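Each chain, letter by letter, is given below.
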Amino acid sequence: MDALYPRLLVTRFAECFDFYRAVLPPLTGANLVKGAPEGPYANWDVEEQAVLVLYDRAAMAAALGTDGLPSRPAASAQDAAMLVLRVGDVDKALALCLEHGGVLVAPATDRPEWGPTLRSAHLRDPEGHLIELQSY
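Residues numbered from 1 in each chain as written. Predicted model: local features only at pLDDT ≥ 70, side-chain atom pairs only at ≥ 80, totals over all residues. Heavy atoms only, no water.

### A look at the side chain of aspartate 45
Part 1 of the reasoning: As for its placement among the helices and strands, aspartate 45 is situated in strand 3 (residues 41–46).
Part 2 of the reasoning: No salt bridge forms around the buried aspartate 45; measuring N to O, its nearest opposite-charge neighbour arginine 7 is 10 Å away.
Part 3 of the reasoning: Polar contacts involving the side chain of aspartate 45 include one to the side chain of asparagine 43, which spans 3.1 Å.
Part 4 of the reasoning: With near-sequence residues (within four places) excluded, aspartate 45 lies in contact with Gly29, Ala30, Asn31, Val33, Ala50 and Val51. (Helix = DSSP H or I, 4+ residues; strand = E, 2+ residues; numbered from the N terminus. Buried < 20%, exposed > 50% of the residue type's maximum accessible area, 1.4 Å probe, protein only. Lys, Arg positive; Asp, Glu negative; His and termini not counted. Salt bridge = Lys/Arg side-chain N within 4 Å of Asp/Glu carboxyl O. Polar contact = N/O pair within 3.5 Å; in protein donor to acceptor, adjacent residues only side chain to side chain. Contact = heavy atoms within 4.5 Å.)

Structure below.
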């Protein structure tokens, strides 16, 4: 049974699918279990445990009856959530993500104030979700 995993609601499903299909296997060992670029659903697992699920935002809104509401908060708002991936090499992981459509937010940086050996980088996926790559 999957205890807890992120489900990202996306409007640019095919772009996000291609991004995560390219970066999750080498960064986390996750394998695509179900889904295709057409959507509306895709999930990646590690050892039969969900790691990430993508779901079409419009499909979820229709299911909840919220399809008449705005789909995104104001662009100038601070982030409310972040996907964190622990990786072996932050610099290599960042290069891989940027190569597949990620957008740089903060370059790879040593952050001893967060942990004595912690290194992190921040980027956005094609939908704009904030991702932290970290090693320690």
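Moving on from the coordinates now.
### Observations concerning the environment of valine 23
Part 1 of the reasoning: Along the chain, valine 23 turns up in helix 1 (residues 13–28).
Part 2 of the reasoning: Since its relative accessible area comes to 1%, valine 23 is described here as buried.
Part 3 of the reasoning: Taking C-alpha positions, valine 23 is 6.7 Å from leucine 96, a pair spaced 73 residues apart along the chain.
Part 4 of the reasoning: Sequence-distant contacts of valine 23, that is, excluding residues within four places in its chain, are made with Leu96, Cys97 and His100.

### Re unusual backbone geometry
Part 1 of the reasoning: A cis amide bond, omega 10 degrees, links glycine 39 with the succeeding residue proline 40.
Part 2 of the reasoning: Summarising the element assignment, proline 40 is placed in the loop between strand 2 (31–35) and strand 3.
Part 3 of the reasoning: The backbone phi angle of glutamate 47 is positive, close to 50 degrees, even though this residue is not glycine.
Part 4 of the reasoning: Within the secondary structure layout, glutamate 47 lies in the loop between strand 3 and strand 4 (49–56).

So yeah, pure geometry; function would need other evidence.
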